[in-house]
Amino acid sequence: MGKIIAVANQKGGVGKTTTAVSLAAFLAQAGQKVLLADVDPQGNATSGVDIKAGKQTVYEVLINGLPMEQALTATHVPGLALAPSDIRLAAAEVELVGQDEREYRLRDALSPVK
């Protein structure tokens, strides 16, 4: 069973994305299988690993129930997969307000790929 490492801070500009991308790349280069889940609507982790988000992103996983496996994209780093994000994720906050168990959607989506 894998481990989940969250890089989070309420303040912007403190190096969350840089830390997450660097840690993910380092762990993959060290031989670990790594999934970098970009859950920021700015999508900087996605562009940081030189990927352009397509139609299947974390937004579709959280809002439409797309299985996480279908949103994954290979990166240029062997062993590092990405769950991409883009600006559409900004709408998820509003769309999830009335949904049951919204606070568990990311956890539940990551569970099968953990």
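Residues numbered from 1 in each chain as written. Predicted model: local features only at pLDDT ≥ 70, side-chain atom pairs only at ≥ 80, totals over all residues. Heavy atoms only, no water.

(A) Up close: the overall build of the protein chain. When helices and strands are tallied, the protein chain shows six helices and three strands. Over its C-alpha atoms the protein chain spans a radius of gyration of 14 Å, differing by no more than 12% from the 13 Å that the globule rule assigns to 114 residues. Taking the principal axes of the C-alpha coordinates as reference, the protein chain spans close to 40 × 30 × 25 Å. Across the 114 residues that make up the protein chain, the buried fraction comes to 30%. Long-range pairs, those at least 24 residues apart, make up 67% of the contacts in the protein chain between residues at least 6 apart in sequence. Carbon and sulfur atoms form 53% of the exposed surface of the protein chain, whose accessible area is close to 7,400 Å². For the protein chain, the separation between the mean place of its 11 positive charges and that of its 12 negative charges on side chains is 5 Å. (Helix = DSSP H or I, 4+ residues; strand = E, 2+ residues; numbered from the N terminus. Rg over C-alpha atoms; globule rule 2.2 N^0.38 Å. Buried < 20%, exposed > 50% of the residue type's maximum accessible area, 1.4 Å probe, protein only. Contact = heavy atoms within 4.5 Å. Areas by Shrake-Rupley, 256 points an atom, 1.4 Å probe, with all protein chains shown as cover. Lys, Arg positive; Asp, Glu negative; His and termini not counted. Charge placed at Lys NZ, Arg CZ, Asp CG, Glu CD.)

(B) Seen up close, the nonpolar core. Membership of the largest hydrophobic core comes to 13 residues, with the highest contact counts inside it found for Val58, Val61, Met68, Leu89 and Ala92. Of all the secondary structure elements, the ones that give two or more residues to this core are α3 (58–64), α4 (68–71), α5 (89–95) and α6 (105–110). Ranked by residue count, the leading element in this core is α3, at four residues. With residues near it in sequence (within four places) discarded, Val61 still touches Leu66, Pro67, Met68, Ala71 and Ala109. Residues Ala20, Ala24, Ala45 and Leu80 belong to the second largest nonpolar core, which totals 11 residues. (Core = buried A, V, L, I, M, F, W, Y, C linked by side-chain atoms within 4.5 Å.)

(C) Quick look at the pairing of strand β1 (residues 34–37). Residue alternation in β1 divides its side chains into a buried set, Val34 and Leu36, and an unburied set, Leu35 and Ala37. Two strands pair when backbone bridges link them, and β1 and strand β3 (residues 80–83) are joined in this way by four bridges, in the parallel orientation. Directly across from Ala37, in β3, lies its bridge partner Ala83. (Pairing = 2+ DSSP bridges.)

(D) Region of interest: the pairing of β3. As defined by bridge partners, strand β2 (residues 73–74) adjoins β3 across two bridges and the pair is classed as antiparallel. If you follow Thr73 over to β3, its bridge partner there is Leu82. Between β2 and β3, which follow one another and run antiparallel, lie five residues, and Gly79 among them has a positive phi close to 90 degrees.

(E) The arrangement of helix α1 (residues 16–29) in detail. End to end, α1 covers 20 Å across 14 residues, agreeing with the expected 20 Å (1.5 Å per residue, within 8%). Buried within α1 are the following residues: Ala20, Val21, Ala24, Ala25 and Ala28. Seen along its axis, α1 keeps its buried residues to an arc of 120 degrees; they face one direction. Opposite its buried face, α1 presents the exposed residues Thr18, Phe26 and Gln29, each directed more than 90 degrees away. Next to the buried residues of α1 lie β1, α2 (44–48) and β3. Looking one or two places after α1, you find Gly31, whose phi comes out positive at around 100 degrees. (Expected span 1.5 Å × (residues − 1). Arc of directions from axis to C-beta.)

(F) Spatial organisation of the sheet that holds β1. Taking strand neighbours across the sheet as the criterion, the three strands line up as β1-β3-β2 in an open arrangement whose pairing is mixed. Whereas interior strands pair on both sides, the edge strands pair on one side only; in this sheet they are β1 and β2. Contacts from α1 reach β1 and β3 within the one sheet, and its direction differs from that of β1 by about 165 degrees. (Axes fitted to C-alpha atoms, helices over the stretch in contact; angles between N-to-C directions.)

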